[in-house]
Number of protein chains: 2
Amino acid sequence: MSSSNAIGDSTVIQQRNLVEQVADYLTQAIISQKFAPGERLSEVQLARDLGVSRAPVREAARLLESRGLLVSQPRRGFFVRGLDAAELNDIFDLRLCLERHAMLRLVDDFDADKEQALRCQVEVMCEVATGDSESHKIEEDLVFHRMVIAFAGNRRLLKAFDDISHELRLCLALIGKTHADPDTISTSHWLLLDALASGDPGCCREAIDYHIGVARDYVVQGIGESTS
Amino acid sequence: MSSSNAIGDSTVIQQRNLVEQVADYLTQAIISQKFAPGERLSEVQLARDLGVSRAPVREAARLLESRGLLVSQPRRGFFVRGLDAAELNDIFDLRLCLERHAMLRLVDDFDADKEQALRCQVEVMCEVATGDSESHKIEEDLVFHRMVIAFAGNRRLLKAFDDISHELRLCLALIGKTHADPDTISTSHWLLLDALASGDPGCCREAIDYHIGVARDYVVQGIGESTS
DNA sequence: GTTCCACAAACTGTCGACAGTCGACAGATG
DNA sequence: CATCTGTCGACTGTCGACAGTTTGTGGAAC
């Protein structure tokens, strides 16, 4: 559901607009910490560097602002979002809120197809876990959790998740370390699947609370180390 | 032709950000159904009507898009968001998700000050309920629920609520009728306060589930009537 | 050495303009 | 009559430019 083009992927006529390209560039630059947290971004300089005018740069920056990767001050411009431990806690608390809700909605009509799709995704996650591309690991993990929410059937809920997913990427990238162990990944996510398969809401809630709790503690601890 | 300026009551007030002014104007126009759902908005025409250039209009439109009041199609422009029953259900389901979480967080450190502030707000709601300004009633109701979430202490959760609050305003405005009875308002919200004061999470969850459920049913029913 | 003020550089907010693209409509073709 | 095609108008995406504001710097006053 992530790549949406009915034609295919080879001969896609992707006349992508500049705004998206600039937004992708900025997102990548922020997540890879090419721009330091708190750094001021100049519209003119960005436009010069990217060889475009200020209009698409500005629009892309506003987009990233709505995604929480940039903050803007009137007449002063855009700054790279810095995250302290408190904000990080808030983000993971909201994530828990959304995912818990999705689990409780999903458990009511969980079927074999959905379970199969999710198990498949866990396999993918284990595969990339053996590689050394941090961004791939993060991305596939997000795909799994996004699938859970998508299966819950509430598009608005999914949009809310997509909104914070950008911030999540930033968090995870900022601490720079991910739990690379395939065993840990598979067991921790299978626990979620088992909970869904059991059909017991209480069990689901417990499982997701634990799962997100572990992730949050891990990230908060990581931030504590990186900012010390 | 560019002599008339439609923003605000007085003439050209350029002290405040133009983008904000245009966004306010558009929001008001959409909520008051001056623009019909699904209607296409022309950047040039809006800019002409408001006596500004296309840049702030475009930026404001993107803002409203991020708030869910407009949708954009590449190379085709902006369209006023139309809401069907399914989307409406999704929005209220997400609202339930956020508010339930806030209630459960808040119940842990609920104190007399917060209770006092919330009871005060209920008084205000009852006062405006006797008047005939629909928007005032909606606004004060949203203030109450926003206070609950703000007291929960998660700023990111509050931002998520602010995001959907614009869509909520649209929903509530679209059906055009609000439960004007002060008695109903006071009792239904006092139930929430009592639940919080009791300190029992289960009680809170039950109370907010009921509260949002009633509101959702009411709005969904209203939409069903208005679109039939 | 510190503080204050003035000036210059750079930046954002806003504007008007141009080019490529989309949708509608009329005319051609079967 | 239905369908395809070429043209036209309107609109969005993008650009460069101007004006007012913010910021950083350097010198003068104390």
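Just above sits the structure.
Residues numbered from 1 in each chain as written. Chains lettered and ligands numbered in written order. Predicted model: local features only at pLDDT ≥ 70, side-chain atom pairs only at ≥ 80, totals over all residues. Heavy atoms only, no water.

Looking at this structure, how should I read the sheet that holds strand E1 (residues 40–41) of chain A?
The strands making up a sheet associate through backbone hydrogen bonding, with each pair oriented either parallel or antiparallel. All names here are of chain A. The strand order across the open sheet formed by 3 strands is E1-E3-E2, and the pairing between neighbours is antiparallel. Looking along the sheet, the strands with just one partner apiece sit at the ends: E1 and strand E2 (70–73). Looking at chain direction, E1 and strand E3 (residues 77–80) are connected through 2 bridges and run antiparallel. Paired with leucine 41 across the bridge in E3 is phenylalanine 78. Most of the contacts of helix H3 (residues 54–66) go to E2, to which it runs at about 115 degrees, and overall it touches E2 and E3. (Pairing = 2+ DSSP bridges. Helix = DSSP H or I, 4+ residues; strand = E, 2+ residues; numbered from the N terminus. Contact = heavy atoms within 4.5 Å. Axes fitted to C-alpha atoms, helices over the stretch in contact; angles between N-to-C directions.)

I'm lost on the protein's contact with DNA strand D in this one. Help?
Surveying the vicinity of DNA strand D reveals 20 residues, the closest of which are Leu18(A), Ser53(A), Arg76(A), Arg54(B) and Arg58(B). With respect to DNA strand D, the side chain of Arg54(B) contributes an N or O atom lying 2.8 Å from a base oxygen. Within the backbone of Arg75(B), an N or O atom sits 3.4 Å from a phosphate oxygen of DNA strand D. For the surface near DNA strand D, the secondary structure elements donating two or more residues are helix H1 (18–31) and H3 of chain A together with strand E1 (40–41), helix H2 (43–50) and helix H3 (54–66) of chain B. Element by element, the count of residues in the surface near DNA strand D is highest for H3(A), at 3 residues. Classifying every residue of the surface near DNA strand D gives 7 nonpolar, 4 polar and 9 charged. (Near = heavy atom within 4 Å. Polar contact = N/O pair within 3.5 Å; in protein donor to acceptor, adjacent residues only side chain to side chain. Nonpolar A, V, L, I, M, F, W, Y, C, P; charged D, E, K, R; others polar.)

Help me understand the protein's contact with DNA strand C in this model?
For DNA strand C, the set of nearby residues contains 21 residues, the closest of which are Arg54(A), Arg58(A), Arg75(A), Leu18(B) and Ser53(B). When the atoms of DNA strand C within 4 Å of the protein are grouped by moiety, sugar and phosphate amount to 76% of the total. Of all elements in the fold, only E1, helix H2 (43–50) and H3 of chain A together with helix H1 (18–31) and H3 of chain B reach the threshold of two or more residues within the surface near DNA strand C. Its residues assigned to classes, the surface near DNA strand C shows 7 nonpolar, 5 polar and 9 charged.

Explain the side chain of Lys114(B) to me, please; I cannot follow it from the model alone.
Residues and elements named next belong to chain B. Topologically, lysine 114 is positioned in helix H5 (residues 112–130). Overall, lysine 114 belongs to the buried group, its relative accessible area being 15%. In contact with lysine 114, not counting residues within four places along its chain, are Leu106, Asp109 and Phe151. (Buried < 20%, exposed > 50% of the residue type's maximum accessible area, 1.4 Å probe, protein only.)

Explain the packing of helix H4 (residues 85–106) of chain B against helix H7 (residues 155–175) of chain B to me, please; I cannot follow it from the model alone.
Each pair of packed helices can be summarised by the angle the axes make with each other and by the distance between the axes. Residues and elements named next belong to chain B. Running from N to C, H4 and H7 cross one another at 145 degrees; their axes reach a closest spacing of 10 Å. When you trace H4 past H7, the crossing you get is left-handed. Taken together, the residues of H7 that come into contact with H4 (itself represented by Leu88, Ile91, Phe92, Leu94, Arg95, Leu98, Glu99, His101 and Ala102) are Leu157, Ala160, Phe161, Ile164, Glu167, Leu168 and Cys171. Residue composition of the contact of H4 with H7, by class: 12 nonpolar, 1 polar and 3 charged. (Left-handed = near helix turned anticlockwise from the far one by under 90°.)

I would appreciate a short explanation of the pattern of salt bridges in the present structure.
Working definition: two side chains of opposite charge can pair if their charged atoms are close together. Residue and element names in this part refer to chain A. With the rule as written, the count across this model stands at 38 salt bridges over all chains. A salt bridge links glutamate 134 to lysine 137, with the nearest nitrogen and oxygen atoms 3.3 Å apart. A residue pair is termed a helical-turn pair when its members lie 3 or 4 positions apart in one helix, as glutamate 134 and lysine 137 do in helix H6 (residues 134–152) at 3 residues. The buried category is assigned to lysine 137, whose relative accessible area is 12%. (Salt bridge = Lys/Arg side-chain N within 4 Å of Asp/Glu carboxyl O.)

What is the right way to read the relation of the copies chain B and chain A from this model?
The relation between the two chain copies is a rotation about an axis coupled with a shift along that axis. Overlay of chain B on chain A (RMSD 0.1 Å): rotation 180 degrees, translation along the axis 0.0 Å. Put plainly, the chains are arranged around a two-fold axis. Looking at chain B, 96% of its interface residues are interface residues in chain A too, so the copies touch through the same face. (Least-squares fit on C-alpha atoms with pLDDT ≥ 70 in both.)

Any chance you could explain the state of the cysteines here in plain terms?
Such a bond, covalent and formed between the sulfur atoms of two cysteines, is termed a disulfide. Inspection of the entire model under this criterion finds 0 disulfides over all chains. Cys204(A) carries a free sulfur, and the closest cysteine sulfur to it, the one in Cys203(A), is 6.2 Å from it. (Disulfide = S-S within 2.5 Å.)

What should I look at first to understand empty space enclosed by the protein in this one?
If a probe as big as a water molecule is rolled over the atoms, it shows which places are left empty. This structure, assessed with the given rule, holds 5 cavities of 30 Å³ or more. Of the volumes computed, that of the largest cavity is approximately 100 Å³. Lining the largest cavity, in full, are Leu94(A), Leu98(A), Arg156(A), Ala160(A), Asp163(A), Ile164(A), Leu94(B), Leu98(B), Arg156(B), Ala160(B), Asp163(B) and Ile164(B). For the lining of the largest cavity, the secondary structure elements donating two or more residues are helix H4 (85–106) and helix H7 (155–175) of chain A together with H4 and H7 of chain B. Taken as a whole, the second largest cavity holds about 80 Å³ of empty space. (1 Å grid on protein atoms, 1.4 Å probe; cavity = no way out; pocket = protein on both sides within 12 Å on 5 of 7 lines; lining within 4 Å. Points joined across faces, edges and corners; volume = space filled by probe spheres on them.)

In this structure, what is going on with the sheet that holds strand E3 (residues 77–80) of chain B? I would like to understand it.
All names here are of chain B. If you trace the 3 strands from one edge of the open sheet to the other, you get E1-E3-E2, paired in antiparallel fashion. Only two strands of the sheet have a single neighbouring strand rather than two, namely E1 and strand E2 (70–73). The strands that H3 touches are E2 and E3; relative to E2, the one it contacts most, it runs at about 115 degrees.

Explanation requested: H1(B) in the structure shown.
Count 3.6 residues to each turn of an α-helix, and residues three or four apart come out pointing the same way. All names here are of chain B. Between its first and last C-alpha atoms H1 spans 20 Å; for 14 residues at 1.5 Å apiece the expected length is 20 Å, and the two agree. Here H1 lies mainly inside the structure; 10 of its 14 residues are buried. All of the buried residues along H1 are Val19, Gln21, Val22, Ala23, Tyr25, Leu26, Thr27, Ala29, Ile30 and Ile31. Buried residues in H1 make contact with E1, H2, H3, E2, E3 and H7. One or two positions beyond H1, positive phi appears at glutamine 33, with a value near 60 degrees. (Expected span 1.5 Å × (residues − 1).)

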